[in-house]
Amino acid sequence: MSGETNCLGCRLANGELPVHMVYENEWMACFLDHDPFNEGHVLILPKKHYHFIDDMDDETAMAILQASQLMSRTIRELYAPFGITQTQNGGGPDELTHFHLHIVPRKQHQPFASFYTEEDWNNEALKERLADTRTQLAEAVAAQLTKSPTGGSYV
């Protein structure tokens, strides 16, 4: 389904490279960031190649939006963050050249400036728990889907 054979984002979203997948459908994939800002930091990528959200067809854009709702609701219930920040393509220059939406749980009084810099996040413990975090989050997403207002077909 990927439009760019050499695109890292296409390869990640379409399961050609290993990721900690939390949820996917025919239009997009949600998986844990390999370098998490906090536990539950998720990326949402379309399976077709798009650079920006305004390049997408309506079905894909709607799937991304609905997935951001699903991930935010699930993260809020599972981790009880102070807030959640969503940022397109990392909020700055897009080194991936494939649309991706970060869903980042935030702690109270946690500065977010380091998200946009090369500053070390001291997140080695989070990286070591990625498999466990994936299991927890995927199970929580499945539970959200069973209680969704549309009868389980959330996205």
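Placed above this text is the structure.
Residues numbered from 1 in each chain as written. Predicted model: local features only at pLDDT ≥ 70, side-chain atom pairs only at ≥ 80, totals over all residues. Heavy atoms only, no water.

In this section: helix α4 (residues 130-146). Between its first and last C-alpha atoms α4 spans 24 Å; for 17 residues at 1.5 Å apiece the expected length is 24 Å, and the two agree. Residues of α4 that are buried: Leu-130, Thr-133, Leu-137, Ala-138, Ala-140, Val-141, Gln-144 and Leu-145. The buried residues of α4 occupy an angular sector of 165 degrees when projected down its axis, which confines them to one face. Exposed positions of α4 whose direction lies more than 90 degrees from the buried face are Asp-132, Glu-139 and Thr-146. (Helix = DSSP H or I, 4+ residues; strand = E, 2+ residues; numbered from the N terminus. Expected span 1.5 Å × (residues − 1). Buried < 20%, exposed > 50% of the residue type's maximum accessible area, 1.4 Å probe, protein only. Arc of directions from axis to C-beta.)

Tallying each qualifying case throughout the model produces 7 aromatic pairs. Ring geometry for Phe-112 versus Phe-115: centroids 4.7 Å apart, planes at 10 degrees, classification stacked. Clustering of aromatic rings is evident, with ring pairs tying together Phe-37, Phe-112, Phe-115, Tyr-116 and Trp-121. (Phe/Tyr/Trp six-rings, centres within 6.5 Å; stacked < 30°, edge-to-face > 60°.)

Where side chains of opposite charge bring their charged atoms close, a pairing between them can arise. Under the definition given, this model contains 5 salt bridges. Linking Lys-47 and Glu-24 is a salt bridge whose minimum nitrogen-to-oxygen distance equals 2.7 Å. Of the two residues, Lys-47 is situated in the loop between β3 (42-46) and α2 (58-79) and Glu-24 in strand β1 (residues 21-24); the sequence distance between them amounts to 23 residues. With relative accessibility at 11%, the residue Lys-47 sits in the buried group. The residue Lys-127 makes a salt bridge to Asp-35 at a minimum N-O spacing of 3.5 Å. Of this pair, Lys-127 sits in helix α3 (residues 124-128) while Asp-35 sits in the loop between β2 (28-32) and β3; the two residues are 92 residues apart in sequence, bridging distant segments of the chain. Classification of Lys-127 by relative accessible area gives partly exposed; the value is 30%. Among the charged side chains, a salt-bridge network with shared partners connects Asp-35, Glu-124 and Lys-127. (Salt bridge = Lys/Arg side-chain N within 4 Å of Asp/Glu carboxyl O.)

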